[in-house]
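Coordinates in review
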Amino acid sequence: MRVVILGCGYVGLELGRQLEARGHEAIGVRRSKDGLAAIEDAGFAAVRADATDPDSLEGVPDADAVVFAASSGGRGAETARRVYVDGLRTAIEHFGERSNHPDRLIYTSSTGVHGDHDGDWVDEETPIEPTTPKTEVLAEAERIALERAPEFGVDGTVARYAGLYGPGRYRLGRYLDGPVTDGYLNMVHREDAAGSVRYLLEEALVRGAVVQVVDDEPVDKWTFADWLADRCGRESPPKRTKAERLAEDDLSEAAERRIRTSKRCSNEFLRSLGYEFAFPTYREGYRAAVDGYRADSE
């Protein structure tokens, strides 16, 4: 199949590599000219276009499936709305109106739409409770993917990612140096973030639904920090409770919301579909980073 990856960045590059390795055709789409070289270096076709501009999308070929993996670059809710809501709606309408429209659309969202559950488990059936302007935008985009795409005969699916990590995003210093605030980490390695979408496209076992993409073991941040320090040959980092951190004066409103938010995300549904993780937990996923750290320290 031919798959167009809109916003072909950190996960999209890995998705394209996996699709090409399995005999499919991937086409990576980026708004900036600089991003095209990374796509070509990854071994598949690159097209310059802006998902928010229907005229620029004219240069993107027809496809069997479209993956909307664009990022707002960590910027605020206004930019996020332009990318995730306006961009997704534009992409759906543009590709949906083609005579040879795609069969599938997968939108990559975030488990941040769940909000705070005081450490309890959440899954695809848990009502979402976004607590920030940006996660409210993500929740709106999920509805667009599930409701607007079918109006054009396109099956919409939401892949709801937990925290992404992997090459270039291990952030060892954050947990080795501390201080580390308590709460749960819900993570997924880049290889599995891409692999799960590739699997959903190939197997076609679920359409018109949300699939939570997270590894097998949400982990307490203190437990993770101690494990990481032990493997890296470091002392256990300093720790703080949420109450201690919230008592400090330097917190932004967004940072305060993040600290208050705690949940454990289940991957039972994804597992039930038959997906097998390359990195089932942080122990496997951080092995390369730990080995590299130890080698550099010797």
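Residues numbered from 1 in each chain as written. Predicted model: local features only at pLDDT ≥ 70, side-chain atom pairs only at ≥ 80, totals over all residues. Heavy atoms only, no water.

1. Side note on the overall build of the protein chain
Definition in use: For helices the rule is a DSSP run of H or I covering at least 4 residues; for strands it is a run of E covering at least 2, with both sets numbered from the N terminus onward. Between the two quantities, the radius of gyration covers C-alpha atoms and the globule rule is 2.2 Å times the number of residues to the power 0.38. Each residue is placed in one exposure class: buried if its accessible area under a 1.4 Å probe, protein chains only, is under 20% of its type's maximum, exposed if it is over 50%, and partly exposed if it falls in between. Should any heavy atoms of two residues lie within 4.5 Å, those residues are counted as being in contact. Working convention for charge: Lys and Arg count positive, Asp and Glu count negative, and His plus the chain ends are omitted. A charge is said to be at NZ when it belongs to Lys, at CZ for Arg, at CG for Asp and at CD for Glu.
Each helix and strand in the protein chain was counted, giving 13 helices and 15 strands. Scaling as 2.2 N^0.38, a compact globule of 298 residues should have a C-alpha radius of gyration of about 19 Å, and the protein chain matches this with 19 Å. Counting all 298 residues of the protein chain, 51% fall into the buried class. Contacts in the protein chain between residues at least 24 apart in sequence constitute 74% of all its contacts with a sequence separation of at least 6. In the protein chain, 39 positive and 55 negative side-chain charges are present, and the distance between their average locations comes to 3 Å.

2. Structural notes on the side chain of Thr126
Short version of the rule: The term polar contact refers here to a pair of N or O atoms within 3.5 Å; inside protein, the definition further demands a hydrogen-donor-capable atom paired with an acceptor-capable atom, and it admits residues adjacent in sequence only when both atoms are side-chain atoms.
Relative to the helices and strands, Thr126 is located in the loop between strand S6 (121-122) and helix H5 (133-147). Polar side-chain contacts of Thr126 include one of 3.0 Å to the backbone nitrogen of Asp123. Not counting residues within four places of it along the chain, the set of residues in contact with Thr126 comprises His114 and His117.

3. Considerations on the pairing of strand S1 (residues 2-6)
Which entries qualify depends on this criterion: One bridge is not enough; two strands pair if DSSP finds at least two bridges between them. For the handedness criterion, the strands are oriented away from the viewer, and a crossover whose path from the first strand over the helix to the second runs clockwise is classed as right-handed.
Of all the 5 residues making up S1, 4 are buried; the element is thus mostly covered by neighbouring parts of the structure. As paired elements, S1 and strand S2 (residues 25-30) share 5 bridges and run parallel to each other. Bridged to Val3 within S2 is Ala26. Each parallel crossover has a hand, and for S1 linked through helix H1 (residues 10-21) to S2 it is right-handed. Strand direction decides the pairing type here: S1 and strand S4 (residues 65-68), joined by 4 bridges, are parallel. In the sheet register, Leu6 faces S4, and the bridge partner there is Phe68.

4. Points about empty space enclosed by the protein
Think of a ball as big as a water molecule: rolled over the atoms, this probe shows where empty space is left. For clarity, the threshold we go by: Using protein atoms alone on a 1 Å grid, points that fit a 1.4 Å probe yet trap it form a cavity, whereas open point sets bounded by protein on both sides within 12 Å along at least five of seven lines form a pocket; residues with an atom within 4 Å of a point count as lining. Grid points are joined across faces, edges and corners, and a volume is the space filled by probe spheres set on the points. Put simply, Ala, Val, Leu, Ile, Met, Phe, Trp, Tyr, Cys and Pro go in the nonpolar bin, Asp, Glu, Lys and Arg in the charged bin, and everything else, Gly too, in the polar bin.
This structure, assessed with the given rule, holds 2 cavities of 30 Å³ or more. Estimates place the volume of the largest cavity at around 60 Å³. Along the walls of the largest cavity sit Val66, Ala91, Ile92, Phe95, Gly96, Pro102, Arg104, Leu105 and Val154, which together make up its complete lining. Mapped by element, the contributors of at least two residues to the lining of the largest cavity are helix H4 (77-96) and strand S5 (104-110). Of all the elements, H4 adds the most residues to the lining of the largest cavity, at 4 residues. In terms of residue class, the lining of the largest cavity is built from 7 nonpolar, 1 polar and 1 charged. Looking at the second largest cavity, its volume works out to about 30 Å³.

5. Points about the packing of H4 against H5
The criterion, for reference: Structural elements are reduced to axes, namely lines fitted to C-alpha atoms, with helices fitted over the stretch in contact, and the angle between N-to-C directions of any two is expressed from 0 to 180 degrees. Geometric relationships in this document are graded by angle, where less than 35 degrees denotes roughly parallel, more than 145 denotes roughly antiparallel, 65 to 115 denotes roughly perpendicular, and other angles denote oblique.
For the pair H4 and H5, interaxial distance at closest approach is 9 Å and the crossing angle is 5°. If you check the angle between H4 and H5, you find them roughly parallel. Residues Ala77, Ala80, Arg81, Tyr84, Val85, Leu88, Arg89 and Ile92 of H4 touch H5, and the partners they reach there are Pro133, Lys134, Val137, Leu138, Glu140, Ala141, Ile144 and Ala145. Looking at the contact of H4 with H5 residue by residue, the classes come out as 12 nonpolar, no polar and 4 charged.

6. What to know about the environment of Arg198
Mapped onto the elements of the fold, Arg198 is located in helix H7 (residues 190-203). Judged by its relative accessible area of 12%, Arg198 falls in the buried class. Arg198 sits 13 residues away from Leu185 along the chain, and the two C-alpha atoms are 24 Å apart.

7. What about unusual backbone geometry?
In this structure, the amide linkage connecting Gly178 to the following residue, Pro179, adopts the cis form with an omega of -5°. When you line up the elements, Pro179 lands in the loop between helix H6 (172-177) and strand S9 (180-181). The backbone of Asp118 sits at a positive phi, close to 55°, despite the residue not being glycine. By the element assignment, Asp118 lies in the loop between S5 and S6. Using a relative accessible area of 66% as the deciding quantity, one classes Asp118 as exposed.

8. Notes on a positive patch on the surface
What counts here: Patch criteria: residues need more than 30% relative accessible area and no salt bridge. Like-charged residues are merged within 9 Å; nonpolar side chains of Val, Leu, Ile, Met, Phe, Trp and Tyr are merged within 5 Å. Only the protein chains shown count as cover for residues, and the accessible areas themselves come from Shrake-Rupley with a 1.4 Å probe. Whenever a carboxyl oxygen of Asp or Glu lies within 4 Å of a side-chain nitrogen of Lys or Arg, that contact is scored as a salt bridge.
Taken together, the side chains of Arg169, Arg171, Arg174 and Arg258 present a region of like positive charge at the surface. Here Arg258 lies in helix H10 (residues 253-260).

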